[in-house]
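Here's the letter readout for the chains.
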Amino acid sequence: MTVITVAQQKGGAGKTTLAIQIATALAARGKGVAVVDIDPQASLTGWMRLREHGARDATPIRLSMVGGWRLGAEIERLRREAEFIVVDSPPHAAAEAKEAIRAADVVLVPCQPSVLDVWASKATVEAAVKEGRRPFLVLNRVPPRGKSLDEARDAIEKAGYPALSARLGNRQAFVNGIARGLGVVESEPKSAAADEVRALVDELGAALA
Ligand SMILES: Nc1ncnc2c1ncn2[C@@H]1O[C@H](COP(=O)(O)OP(=O)(O)OP(=O)(O)O)[C@@H](O)[C@H]1O
Ligand SMILES: [Mg+2]
């Protein structure tokens, strides 16, 4: 069983979006997937409700909503049921994020392509390293053109943060799929957004091997 935690202290970076895309892409590959929502905002839980009611044909993914302090026990319980567990964590909650990082095999840190957002990732990256976990920055909402990607990459390199080369664009397809309880590999499997997600999961698989 592999635990993938999505964490980022900064709010709105794309944690829930990334967690949904990874969970659905793994499920589409026939893996047994559970998602765990430890964010009191319960965004992932809301998406799962849409999935259960509006997208009945979608591949089943199990959901647990627990407080951060119960995460370790919940993962122990899910160990028998899932090959992959994807944990979505809240912003601005160092104690909960620490629990989620501690439980993880790998920590994904979504980050929008700006120097300020790269700097804001410091606490999360350092918390992962401190717990002996492998953090990877994932650039999210990358615009189709402009200098921001190069500038962000430069800042990541200078800071010495490990990052996946796969990234997600700023695409309405992600937003639309989520509104239907789906990941983009399910809602628009032939889209550029779905290609990005599959590339990300491939790279993650290679990093975990
Ligand atoms: N790749 C993307 N393309 C377009 N919109 C995106 C993308 N990623 C995230 N968004 C949008 O940005 C907003 C924040 O995303 P999301 O809720 O996933 O971030 P978060 O880190 O989970 O936020 P929070 O810190 O509040 O939990 C949402 O409106 C979401 O639809
Ligand atoms: Mg969220």
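So, here is what we can say about the structure in this document. (Residues numbered from 1 in each chain as written. Chains lettered and ligands numbered in written order. Predicted model: local features only at pLDDT ≥ 70, side-chain atom pairs only at ≥ 80, totals over all residues.)

**A closer look at the overall build of the chain**
(1) Moving on: Of regular secondary structure, the chain possesses 10 helices and 6 strands.
(2) Moving on: Taking 209 residues into account, the globule formula puts the C-alpha radius of gyration at 17 Å, and the chain, at 16 Å, falls close to it.
(3) Moving on: Along the three orthogonal principal directions, the C-alpha set of the chain runs to about 45 × 40 × 35 Å.
(4) Moving on: Expressed as a percentage of its 209 residues, the buried residues of the chain come to 46%.
(5) Moving on: Sequence-distant contacts in the chain: of pairs separated by 6 or more residues, those separated by 24 or more amount to 77%. (Helix = DSSP H or I, 4+ residues; strand = E, 2+ residues; numbered from the N terminus. Rg over C-alpha atoms; globule rule 2.2 N^0.38 Å. Buried ≥ 20, exposed ≤ 12 C-beta atoms within 10 Å, placed from the backbone. Contact = placed C-beta atoms within 7 Å.)

**Digging into the site of ligand 1**
(1) Moving on: The full set close to ligand 1 counts 19 residues, and Gly11, Lys15, Thr16, Thr17 and Pro91 are the nearest of them.
(2) Moving on: Taken together, the elements giving at least two residues each to the shell around ligand 1 come down to helix 1 (15–28) and helix 8 (172–179).
(3) Moving on: In terms of residue count, the dominant contributor to the shell around ligand 1 is helix 1 (3 residues).
(4) Moving on: Residue classes in the shell around ligand 1 are distributed as 5 nonpolar, 10 polar and 4 charged. (Near = placed C-beta within 6 Å. Nonpolar A, V, L, I, M, F, W, Y, C, P; charged D, E, K, R; others polar.)

**Observations regarding the sheet that holds strand 4 (residues 84–88)**
(1) Moving on: Within the open sheet, the 6 strands sit side by side as 3-2-4-1-5-6. Their pairing is parallel. The outermost strands of the open sheet, each flanked by one partner alone, are strand 3 (62–65) and strand 6 (134–139). With direction set aside, neighbouring strand axes in the sheet form an average angle of 20 degrees.
(2) Moving on: As paired elements, strand 5 (residues 106–111) and strand 6 share 6 bridges and run parallel to each other. Looking at strand 6, one finds that Val106 is bridged to Arg134. (Pairing = 2+ DSSP bridges. Axes fitted to C-alpha atoms, helices over the stretch in contact; angles between N-to-C directions.)

**A word on the nonpolar core**
(1) Moving on: Among the nonpolar cores identified, the biggest contains 60 residues, and Ala23, Val33, Val86 and Val87 are the most heavily contacted of them.
(2) Moving on: The biggest single contributor to this core is helix 1, with 8 residues.
(3) Moving on: Excluding anything up to four places from it in sequence, Val33 contacts Ala23, Leu26, Ala27, Ile61, Ala82, Phe84 and Val86. (Core = buried A, V, L, I, M, F, W, Y, C linked by C-beta atoms within 7 Å.)

**Here we look at the packing of helix 1 against helix 10 (residues 192–208)**
Helix packing geometry: the angle between the two helix axes and the distance between the axes.
(1) Moving on: The interhelical angle for the contact between helix 1 and helix 10, taken along N-to-C directions, is 80 degrees, at an axis separation of 10 Å. On the basis of their axis angle, the class for helix 1 and helix 10 is roughly perpendicular. Here Gln21, Ile22, Ala25 and Leu26 of helix 1 come into contact with helix 10, specifically with Val197, Arg198 and Val201.
(2) Moving on: In terms of residue class, the contact of helix 1 with helix 10 is built from 5 nonpolar, 1 polar and 1 charged. (Parallel < 35°, antiparallel > 145°, perpendicular 65-115°, else oblique.)

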